[in-house]
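# Chain and residue survey
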Amino acid sequence: MDAFCGWGGGCTCCLLRGVLASGRRPSRVIECFSAHSLETVVRSGAAAANVLGLTAQTPVRHVYFTSGRSRQLQIGRQCVELRHAPSWRLALPDSTAGDAIRALAWLGPEHARSALEVLRRRLPDSAFEEMTAVKRLPTWLRRLVEGRGLGALSGGRTP
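Everything in this summary refers to the structure shown in the same document. None of the values given here were measured: they were computed from a predicted structure. (Residues numbered from 1 in each chain as written. Predicted model: local features only at pLDDT ≥ 70, side-chain atom pairs only at ≥ 80, totals over all residues. Heavy atoms only, no water.)

### Some details on the sheet that holds strand S4 (residues 78-84)
To keep things clear, this is the line we draw: When DSSP finds two or more bridges between a pair of strands, those strands are recorded as paired. Helix and strand definitions follow DSSP, with helices as H or I runs of at least four residues and strands as E runs of at least two, each counted in order from the N terminus. Throughout, an axis means a line fitted to C-alpha atoms (over the contacting stretch in the case of helices), and angles, computed between N-to-C directions, take values from 0 to 180 degrees. What makes two residues a contact is simply this: any of their non-hydrogen atoms within 4.5 Å.
Read from one edge of the open sheet, four strands run S1-S2-S4-S3, paired in mixed fashion. The open sheet is flanked by strand S1 (41-43) and strand S3 (71-75), the only strands paired with a single partner. Across the sheet, the axes of successive neighbouring strands diverge by a mean angle of 30 degrees, strand direction being ignored. Sheet analysis places S1 next to strand S2 (residues 62-66), joined by three bridges and oriented antiparallel. Along S2, the bridge assignment pairs Val-41 with Thr-66. The strands touched by helix H2 (residues 26-37) within the sheet are S1, S2, S3 and S4, with S4 carrying the most contacts at an inclination of about 40 degrees.

Below, the structure written as structure tokens:
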């Protein structure tokens, strides 16, 4: 039994023999796919924002960011889109801090400040330490995460 999928028979075999068409949850199949393809695969910013409670909108499509090429997978009746993304969007995979970065980027500079205030109440300090350690974030997001951009984004007021 393969350690990654837990479905028996090994992930590569499972994928090749039709697990993609068997009705498995897309998130489990993507987790399995990521482990065997050696690609980094993370949920999209919209999905991350939903999981973190920053939006009540539930994404209709299954979109994931990947270090590999962009492509679509058919999982049962559902289509899962893998979009190639820059390394900063793939930072801190499988962590709440990584989801927070992707969610803030998806929300954009206009809404990220208020979302960050919500995250500061919900997430532990260690998550923010992880976020500030990520290099190569877009300038506006880096300043926001480090606490230097809050005044600029709020019209000159400081928190």
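### A look at the pairing of S4
The pairing of S2 with S4 spans five bridges and is parallel. Bridging from a neighbouring strand, His-62 pairs with Val-80 of S4. For S3 and S4, the ladder comprises five bridges, and the chain directions are antiparallel. When the bridges of S4 are listed, Ile-75 appears paired with Gln-78. Hairpin geometry of S3 and S4 is characterised by an intervening segment of two residues between the two adjacent antiparallel strands and by a positive phi of about 60 degrees at Gly-76.

### Section: the pattern of salt bridges
How we decide: Here, a salt bridge means any Lys or Arg side-chain nitrogen found within 4 Å of an Asp or Glu carboxyl oxygen. Per-residue accessibility, obtained with a 1.4 Å probe over protein chains only, is compared with the maximum for each type, and a residue is labelled buried under 20%, exposed over 50%, and partly exposed between these values.
If you walk through the whole model with that rule in mind, you get seven salt bridges. When the shortest N-O distance is used, the salt bridge between Arg-61 and Glu-81 registers 2.8 Å. On the criterion of sequence distance, the pair formed by Arg-61 in the loop between helix H3 (45-51) and S2 and Glu-81 in strand S4 is long-range, its members being 20 residues apart. For Glu-81, a relative accessible area of 18% translates into the label buried.

### A word on the layout of surface pockets
Threshold: Using only the protein atoms, space was sampled on a 1 Å grid; points where a 1.4 Å probe fits but cannot get out form cavities, open sets with protein on both sides within 12 Å along at least five of seven lines form pockets, and lining residues are those with an atom within 4 Å of a point. Grid points are joined across faces, edges and corners, and a volume is the space filled by probe spheres set on the points. Only Asp, Glu, Lys and Arg are considered charged, only Ala, Val, Leu, Ile, Met, Phe, Trp, Tyr, Cys and Pro nonpolar, and every remaining residue, Gly among them, polar.
Taken as a whole, the largest pocket spans an internal volume of roughly 580 Å³. In terms of lining residues, the largest pocket is bounded by 24 residues, among which Ser-27, Val-41, Val-42, Arg-43 and Tyr-64 are the most central. Among the elements of the structure, H2, S1, H3, S2 and helix H4 (96-107) are those that each provide at least two residues to the lining of the largest pocket. Tallying contributions element by element places H2 first for the lining of the largest pocket, with six residues. Within the lining of the largest pocket, the residues separate by chemical class into ten nonpolar, six polar and eight charged. Reported here for the second largest pocket is a volume of approximately 170 Å³. Every residue along the wall of the second largest pocket is listed here: Ser-44, Gly-45, Ala-46, Ala-47, Pro-59, Arg-61, Val-63, Phe-65, Arg-83, Arg-89, Ala-105 and Trp-106. Of all the secondary structure elements, the ones that give two or more residues to the lining of the second largest pocket are H3, S2 and H4. Counting residues per element, the lining of the second largest pocket draws most heavily on H3, at three residues. Along the lines of polarity and charge, the residues of the lining of the second largest pocket split into seven nonpolar, two polar and three charged.

### Side note on H4
We apply this condition: To estimate the expected span of a helix, count its residues, drop one, and scale the result by 1.5 Å.
With twelve residues, H4 extends 16 Å between its outermost C-alpha atoms, agreeing within 8% with the 16 Å of an ideal straight helix rising 1.5 Å per residue. Turning to H4, its buried residues number three or more, namely Ala-97, Gly-98, Asp-99, Ala-100, Ile-101, Arg-102, Ala-103, Leu-104, Ala-105 and Leu-107. In the core, the buried residues of H4 are packed alongside S1, H3, S2, helix H5 (109-122), helix H6 (125-133) and helix H7 (139-146). Following H4 by one or two positions, Gly-108 adopts a phi angle in the positive range, close to 80 degrees.

### Things to note about H6
Threshold: By definition, the arc is the one covered by directions from the helix axis to the C-beta atoms.
When we look at burial in H6, the residues that qualify are Ala-127, Phe-128 and Met-131. In an axial view of H6, the angular spread of the buried residues amounts to 95 degrees, which keeps them on one side of the axis. The outward face of H6, more than 90 degrees from its buried face, is lined by the exposed residues Asp-125 and Glu-129. In this fold, the buried residues of H6 make contact with H4, H5 and H7.

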